[in-house]
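Reading the structure
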Amino acid sequence: MKYLHTMIRISDIDKSLDFVCNKLGLKEVERYTSEAGRYTLIFLAAPDDQGSAESERAPLVELTYNWDPEQYTGGRNFGHLAYAVDDIYAVCQRLADAGVTINRPPRDGQMAFVRSPDGISIELLQKGQALPPKEPWVSMKSTGSW
């Protein structure tokens, strides 16, 4: 058995790609549009996974955009996506500078949560050992749900 992808439904391609590509740092590796099915699929990979994503089509995140308007609720109902990062403080700062709310700050130097424009929880985990506690993260309160 091999992990392939996680699919999440999105309501706005531009907003979603701005978040996952420009802010979070994923790379689009493939796009498929079905006129008959009235949907667009966008496959993304984390930078460290891009080679295997292109050659083996895994591991990927699949964004599904249905052309006919639908209301999606409970963006957290499937759980969350998780990514290991080299420097959790630098990633959180980059996201905050881009206007992303850090819902669960990395007070412990190891874990943080943010949410996509569609309410999908994204967990960020420090690669290896936790970083030493550092301000402003240590004093920052959690915001909203994550």
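Each value, and the rule that gives it
Residues numbered from 1 in each chain as written. Predicted model: local features only at pLDDT ≥ 70, side-chain atom pairs only at ≥ 80, totals over all residues. Heavy atoms only, no water. Helix = DSSP H or I, 4+ residues; strand = E, 2+ residues; numbered from the N terminus. Rg over C-alpha atoms; globule rule 2.2 N^0.38 Å. Buried < 20%, exposed > 50% of the residue type's maximum accessible area, 1.4 Å probe, protein only. Contact = heavy atoms within 4.5 Å. Areas by Shrake-Rupley, 256 points an atom, 1.4 Å probe, with all protein chains shown as cover. Lys, Arg positive; Asp, Glu negative; His and termini not counted. Charge placed at Lys NZ, Arg CZ, Asp CG, Glu CD. Pairing = 2+ DSSP bridges. Axes fitted to C-alpha atoms, helices over the stretch in contact; angles between N-to-C directions. Core = buried A, V, L, I, M, F, W, Y, C linked by side-chain atoms within 4.5 Å.

Moving on, we come to the overall build of the chain. In terms of helices and strands, the chain carries 3 helices and 8 strands. From first element to last, N terminus to C terminus, the chain shows the α and β order β-α-β-β-α-β-β-α-β-β-β. Scaling as 2.2 N^0.38, a compact globule of 146 residues should have a C-alpha radius of gyration of about 15 Å, and the chain matches this with 16 Å. For the chain, buried positions account for 39% of its 146 residues. Partitioning the contacts of the chain with sequence separation of at least 6, the portion at a separation of at least 24 is 59%. When the accessible surface of the chain is summed, it comes to about 8200 Å², and 50% of that surface belongs to carbon and sulfur atoms. Counting 16 positive and 20 negative side-chain charges, the chain places the centres of these two groups 5 Å from one another.

What follows deals with the sheet that holds strand β1 (residues 5-10). Read from one edge of the open sheet, 4 strands run β1-β4-β3-β2, paired in mixed fashion. Every other strand in the sheet has two partners, leaving β1 and β2 (27-34) as the edge strands with one partner each. For this sheet, the mean angle separating the axes of adjacent strands, direction not counted, is 20°. Alignment of strand β3 (residues 39-45) against strand β4 (residues 60-66), held across 6 bridges, turns out to be antiparallel. Paired with Thr-40 across the two strands is Tyr-65, which belongs to β4. Across the sheet, helix α1 (residues 13-23) is in contact with β1, β2, β3 and β4; its angle to β3 comes to roughly 5°.

Attention now moves to the side chain of Ser-16. Relative to the helices and strands, Ser-16 resides in helix α1. For Ser-16, the contacting residues outside a window of four places in its chain are Ile-10, Leu-63, Pro-117 and Asp-118.

Among the nonpolar cores identified, the biggest contains 29 residues, and Leu-24, Leu-63, Tyr-83, Leu-95, Ile-122 and Leu-124 are the most heavily contacted of them. Elements represented by at least two residues in this core include exactly β1, α1, β3, β4, β5 (80-85), α3 (88-97), β7 (111-115) and β8 (121-126). Per element, the largest residue contribution to this core is 5 residues, and it comes from α3. With near-sequence residues (within four places) excluded, Leu-95 lies in contact with Lys-23, Leu-24, Val-100, Ile-102, Val-114 and Leu-124. If you look at the next biggest cluster of nonpolar residues, it comprises 5 residues, including Phe-43, Ala-45, Ala-53 and Leu-60.

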